[in-house]
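Now for the letters of each chain:
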Amino acid sequence: MSQTSPTDQPTPVTDLSYEAARDELVSVVARIESGKVPLEESMLLWERGEELARHCQDKLDVAQQRLDRVSAKSEVDERAVGEEDPASDLVNDVDGDFNGDSDADVADSAGSAGQEKGSSDIED
């Protein structure tokens, strides 16, 4: 990996995209593992590989942070919408009837139905 002219210089790692750095890293590892590279060149390849691996990890870390921020923002937005959404009351209805009646309304209607039945029993 000796450099004799500016055109032989490898691209600075910081200028590489994640994909380009990953592809070069795969190539570097394959060359080192082949065992056909002299020791001095292997050491230079190893150093380049370390830089490439660090660069790839940094790119992945930045991407993960972006995803975490977007995900957190989406969760906050969903909670805000859920608080204003009247349909959420139906989903959270404790008695499970999903008709929007409060539990007190359901109890009142059951009580009045019982009174009506009781009054008809007296007439018989």
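Keep in mind that what you see is a predicted model, and the values were worked out from it rather than measured. (Residues numbered from 1 in each chain as written. Predicted model: local features only at pLDDT ≥ 70, side-chain atom pairs only at ≥ 80, totals over all residues. Heavy atoms only, no water.)

Student: Looking at this model, I keep getting lost on the overall build of the protein chain. Mind explaining?
Tutor: Helix and strand counts for the protein chain stand at four helices and zero strands. In sequence order, the protein chain lays out its α and β elements as α-α-α-α. Counting every position in the protein chain, which comprises 124 residues, the buried fraction comes to 12%. When the accessible surface of the protein chain is split by element, carbon and sulfur atoms take 54% of a total near 9600 Å². (Helix = DSSP H or I, 4+ residues; strand = E, 2+ residues; numbered from the N terminus. Buried < 20%, exposed > 50% of the residue type's maximum accessible area, 1.4 Å probe, protein only. Areas by Shrake-Rupley, 256 points an atom, 1.4 Å probe, with all protein chains shown as cover.)

Student: Just to check I follow, could you spell out the confidence of the model for the protein chain for this structure?
Tutor: Note that predicted coordinates carrying low pLDDT should not be read in detail. Scored by pLDDT, the protein chain has a mean of 77; 60% of the residues are at 70 or more. Across the protein chain, helix α1 (residues 18-34) holds the top mean pLDDT of 98, while helix α4 (residues 103-123) sits lowest at 52. The low-confidence segment residues 1-5 (pLDDT under 50) makes eight contacts with residues lying over four places distant or belonging to another chain. (pLDDT = per-residue confidence, 0-100. Contact = heavy atoms within 4.5 Å.)

Student: So what exactly am I meant to see when it comes to the environment of Leu45 here?
Tutor: Following the sequence through the fold, Leu45 ends up in helix α2 (residues 39-84). Looking at Leu45, the relative accessible area reads 1%, which means it is buried. For the pair Leu45 and Ile32, spaced 13 residues apart in sequence, the C-alpha to C-alpha distance is 7.2 Å.

Student: How should the pattern of salt bridges be read in this particular structure?
Tutor: Side-chain pairing between opposite charges can occur once the charged atoms of the two side chains come close. Throughout the structure, instances matching the rule amount to three salt bridges. Linking Asp23 and Arg22 is a salt bridge whose minimum nitrogen-to-oxygen distance equals 3.3 Å. Residue classification places Asp23 among the partly exposed positions, given a relative accessible area of 45%. The class of Arg22 is partly exposed, set by a relative accessible area of 34%. When the shortest N-O distance is used, the salt bridge between Glu24 and Arg48 registers 2.7 Å. Taken together, the residues span a long stretch of sequence, with Glu24 in helix α1 and Arg48 in helix α2 at a distance of 24 residues. On the basis of relative accessibility, which here comes to 23%, the residue Glu24 falls in the partly exposed class. (Salt bridge = Lys/Arg side-chain N within 4 Å of Asp/Glu carboxyl O.)

Student: So what exactly am I meant to see when it comes to α1 here?
Tutor: An α-helical turn contains 3.6 residues, so a residue and the one three or four places further along point in the same direction. Taking 1.5 Å of rise per residue, the 17 residues of α1 would be expected to cover 24 Å, and the 24 Å separating its terminal C-alpha atoms lies within 8% of that figure. Of the residues trailing α1, Gly35 is marked for its positive phi of about 75°. (Expected span 1.5 Å × (residues − 1).)

Student: Would you explain the nonpolar core in this entry?
Tutor: Here is a general trend for soluble globular proteins: nonpolar side chains tend to be buried in one another's company. Val13, Leu16, Ala21, Val28, Val37, Leu45, Leu52 and Cys56 form the largest nonpolar core, which has eight residues in total. Considering every element that reaches this core, the biggest residue donor is α2, with three residues. Contact partners of Cys56, with chain neighbours within four places excluded, come to Tyr18, Ala21 and Arg22. (Core = buried A, V, L, I, M, F, W, Y, C linked by side-chain atoms within 4.5 Å.)

Student: Can you help me understand the side chain of Ser42 in this one?
Tutor: Mapped onto the secondary structure, Ser42 falls in helix α2. For Ser42, a relative accessible area of 17% corresponds to the buried category. Filtering out sequence-adjacent residues up to four positions away, Ser42 remains in contact with Ile32 and Val37.

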